[in-house]
Every structure is written in structure tokens, then in C-alpha cells.
Amino acid sequence: MQLITPTHHYQKSYCQYIRELGDEERYPFPLDFEHNDFPALLDKINNFTQGKNIPEHMVPSTTLWLVDNNELIGVTNLRHYLNEKIAHCGGHIGLGIRPSYRGKGLGYLLMKLSIDTLLKRGVHDIHIHCYKENIASARVITANNGMLDSEIIDSDHVIQRYRIKTS
């Protein structure tokens, strides 16, 4: 398994992943991007990485895919830095595992690889947020040395805000 930059090679697997998600809320947010024009999707993901043409309330972020052989298994989105809004509710890492691969410890692996990537980018105070009712995400975060920092209420959800400090 490896973490890669999105590429056209995985278009079929990506589309299957989206179909598998069905009506569930998609994490991370780039999974909501229109994908019928796959080259345009890849361009949009690349623009976010470069900080080009991104909405005013967002920050540059890198999307990476966890793949095994020719199968896309998970997606992570790593924010390069946090603005006030994202520091309040959002954090550095958003990730998701394809439904047919859940329950196999791959969330832990994807989180570990995501944290390692941020550390290589020089981010040493990592914020990771999840819904309190998402027990699987909370376990993945704490298993990767995340410490609960605070809880907030956002609309009708309690958001748990974790931190990993490495410096």
C-alpha cells in the first residue's frame, strides 16, 4: 500500500469508490468535487495543492490517495495551514476509507501516513477534528497519539478537537 498523488490511472477505481459511498456524507471534502470530467477533477485537486482558484474561506490543501495494486482504498486531505475558521472547526486532516475496506485497520494506517506527511511539511502542532458520535474516527486519532483538546458544538453536532504536538 502506498500514498500517492491523484492520477488518471485510478479513474475507474475512483468512480467505483464514489458509487460505493452512495448517499453517505463524503470525507474528505474533495470527494464532493464533480468527477464526470476526470481531468478537470485532477486539475482542481492540483489547484488546491498550489493554492490556486480556491474559495476565500478555504486554505491550500493536498489530497492524496491510499492505493493497493490498482485499487483506490482511501483518501486524505491535508491542509497546509489553518485559518481561524478551520482551526475552530476542521483541522489539518480529513480522511475517509472506502466502505468495502473499512474495519481492517486502514483508517489507522491512513491517519499515520497523513500525520507523517504533515510532519515532513513542517507542521508540528497538528489539529484533527471529528464528530463525537464517530467513535471509529476518535479511536483512529487517539491510536495515532491524538489528545482530546476540547469539544465544541457546531449546528447539531458535538465536535471533538484533538491535537498532536511533536515539537
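What this report covers is the structure whose coordinates are included nearby. Quantities reported herein were computed from a predicted structural model and do not represent experimental measurements.

## Looking at the environment of Leu118
Working step 1: Mapping Leu118 onto the fold places it in helix α4 (residues 106-120).
Working step 2: Dropping the residues within four chain positions of it, Leu118 is found in contact with Leu78, Arg79, His92, Ile93, Val123 and Ile126.

## Comments concerning the state of the cysteines
Working step 1: Tallying each qualifying case throughout the model produces 0 disulfides.
Working step 2: In this structure Cys89 is a free cysteine whose sulfur lies 11 Å from that of Cys130, the closest cysteine sulfur available.
Working step 3: We classify Cys89 as partly exposed; its relative accessible area is 26%.

## Comments concerning the sheet that holds strand β6 (residues 147-154)
Strand pairing within a sheet occurs via backbone hydrogen bonds; the two strands may be parallel or antiparallel.
Working step 1: Strand order in the open sheet formed by 3 strands is β5-β7-β6, with antiparallel pairing between adjacent strands. The open sheet has two edge strands with one neighbour each: β5 (125-131) and β6. The average undirected angle you get between the axes of adjacent strands in this sheet is 25°.
Working step 2: Pairing of β5 with strand β7 (residues 157-165) involves 7 bridges; the strand directions are antiparallel. Looking at β7, one finds that Asp125 is bridged to Lys165.

## So, the nonpolar core
Working step 1: Counting residues in each nonpolar core, the largest one holds 18 residues, and the members touching the most others are Tyr14, Leu31, Trp65 and Leu72.
Working step 2: Elements that contribute at least two residues to this core include exactly α1 (11-21), α2 (38-50), β2 (61-68) and β3 (71-79).
Working step 3: Here this core takes 5 residues from α2, the largest share from any one element.
Working step 4: Membership of the second largest hydrophobic core comes to 15 residues, among which are Leu78, Ile128, Val140 and Ile141.

## Observations concerning the sheet that holds β3
Working step 1: Read from one edge of the open sheet, 4 strands run β1-β2-β3-β4, paired in antiparallel fashion. Here the strands that pair on one side only, and so sit at the sheet edges, are β1 (2-4) and β4 (93-97). The mean inter-strand angle of the sheet, taken between neighbouring strand axes irrespective of direction, is 25°.
Working step 2: One ladder, built from 8 bridges, connects β2 with β3; its direction is antiparallel. Across the sheet, the residue bridging to Val67 is Leu72, located in β3.
Working step 3: Where α1 meets the sheet, its contacts fall on β2, β3 and β4, and the angle it forms with β3 comes to roughly 80°.

## Topic: the packing of aromatic side chains
Working step 1: Evaluation of the coordinates by the stated rule reveals 6 aromatic pairs.
Working step 2: Pairing Phe29 with Phe48 gives two aromatic rings, centres 5.6 Å apart and planes at 55°, and the pair type is tilted. Of the two residues, Phe29 sits in the loop between α1 and α2 while Phe48 sits in helix α2, which places them 19 residues apart along the sequence.
Working step 3: Judged by centre distance (6.4 Å) and plane angle (45°), the rings of Phe38 and Trp65 are tilted. Taken as a pair, Phe38 in helix α2 and Trp65 in strand β2 lie far apart in primary sequence, 27 residues in all.

## Observations regarding unusual backbone geometry
Working step 1: Omega for the bond connecting Tyr27 with Pro28 falls within 30 degrees of zero, at -5°, which places this linkage in the cis form.
Working step 2: Within the secondary structure, Pro28 sits in the loop between α1 and α2.
Working step 3: Here Asn145, not a glycine, exhibits a phi torsion of approximately 75°, which is positive.
Working step 4: Following the sequence through the fold, Asn145 ends up in the loop between α5 (135-143) and β6.
Working step 5: In this model, Ser155 sits at a positive phi of 50°, which is unusual for a non-glycine residue.
Working step 6: Following the sequence through the fold, Ser155 ends up in the loop between β6 and β7.
Working step 7: Residue Ser155 is classed as exposed on the basis of its relative accessible area of 64%.

The rules behind the values
Residues numbered from 1 in each chain as written. Predicted model: local features only at pLDDT ≥ 70, side-chain atom pairs only at ≥ 80, totals over all residues. Heavy atoms only, no water. Helix = DSSP H or I, 4+ residues; strand = E, 2+ residues; numbered from the N terminus. Contact = heavy atoms within 4.5 Å. Disulfide = S-S within 2.5 Å. Buried < 20%, exposed > 50% of the residue type's maximum accessible area, 1.4 Å probe, protein only. Pairing = 2+ DSSP bridges. Axes fitted to C-alpha atoms, helices over the stretch in contact; angles between N-to-C directions. Core = buried A, V, L, I, M, F, W, Y, C linked by side-chain atoms within 4.5 Å. Phe/Tyr/Trp six-rings, centres within 6.5 Å; stacked < 30°, edge-to-face > 60°.

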